Amino acid sequence: MNQFTVVGNVTKKPELRTSAKGKHFIHVSLAVNRPYSNKTDFFVFSAFGDTAVKMKSLNKGDRILIQSYVENNQYEKDGQKVYGTDYIITYYELVRKRR
């Protein structure tokens, strides 16, 4: 199973974009606190289509749950292989902040 689920805070307002082929997409940056630690991890997620359009209403500081799958990719730049990891959103929801 390829599923990655996290709860975290949006670090900046996401900007809805449109590809050259007219498809909507958005990148969402999320800060995720590690349990039992003082450390925070930062992830950038991508969403497409209707999900991307709905996510444009998110604001910095919103606490959200994201379910995604992970894609590994590689390409060549200046003769060197570059490896990357993408997190593609399949579901999200706003989560109430702890009091």
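The paragraphs below set out a description of the structure included in this document.

Definitions and limits used
Residues numbered from 1 in each chain as written. Predicted model: local features only at pLDDT ≥ 70, side-chain atom pairs only at ≥ 80, totals over all residues. Heavy atoms only, no water. Helix = DSSP H or I, 4+ residues; strand = E, 2+ residues; numbered from the N terminus. Buried < 20%, exposed > 50% of the residue type's maximum accessible area, 1.4 Å probe, protein only. Contact = heavy atoms within 4.5 Å. Salt bridge = Lys/Arg side-chain N within 4 Å of Asp/Glu carboxyl O. Core = buried A, V, L, I, M, F, W, Y, C linked by side-chain atoms within 4.5 Å. Polar contact = N/O pair within 3.5 Å; in protein donor to acceptor, adjacent residues only side chain to side chain. Phe/Tyr/Trp six-rings, centres within 6.5 Å; stacked < 30°, edge-to-face > 60°. Pairing = 2+ DSSP bridges.

**Notes on the overall build of the protein chain**
Step number 1: Counting its secondary structure elements, the protein chain contains one helix and six strands.
Step number 2: Each helix and strand of the protein chain, placed in order from N terminus to C terminus, yields the pattern β-β-β-β-α-β-β.
Step number 3: Dimensions along the principal axes, computed over C-alpha positions, put the protein chain at roughly 50 × 35 × 25 Å.
Step number 4: Here the protein chain holds 99 residues, and 27% of them are scored as buried.
Step number 5: Contacts in the protein chain between residues far apart in sequence, at least 24 positions, make up 53% of those at least 6 positions apart.

**Comments concerning the pattern of salt bridges**
Step number 1: Following the criterion strictly, the structure yields one salt bridge and no others.
Step number 2: For D41, the salt bridge is made with R34, and the minimal N-O distance between the two is 2.9 Å.
Step number 3: Judged by relative accessible area, D41 falls into the partly exposed class, the value being 24%.

**Some words on the nonpolar core**
Step number 1: Among the nonpolar cores identified, the biggest contains 17 residues, and L30, F45, M55, I64, I66 and I89 are the most heavily contacted of them.
Step number 2: A total of four residues in this core trace back to one element, the largest contributor, which is strand β3 (residues 24-33).
Step number 3: Ignoring sequence-local partners within four residues, the contact set of I89 consists of F45, S46, A47, T51, M55, I66, Q67 and S68.

**What to know about the side chain of S46**
Step number 1: By secondary structure assignment, the location of S46 is in strand β4 (residues 40-48).
Step number 2: Polar contacts involving the side chain of S46 include one to the side chain of H27, which spans 3.0 Å.
Step number 3: Among all residues touching S46, those that are not within four sequence positions of it are I26, H27, Y87, I88 and I89.

**Describing the packing of aromatic side chains**
Step number 1: One pass over the structure, following the stated rule, counts six aromatic pairs.
Step number 2: Ring pairs connect the aromatic residues F4, F43, F45 and Y87, which therefore count as one cluster.

**Notes on the pairing of strand β5 (residues 63-77)**
Step number 1: Where strand β1 (residues 4-10) meets β5, six bridges bridge the pair, whose relative direction is antiparallel. Within the sheet, the bridge partner assigned to G8 lies in β5 and is I64.
Step number 2: Once β5 ends, the chain turns through two residues before running back antiparallel as strand β6 (residues 80-94), passing D78 with a positive phi of about 55°.

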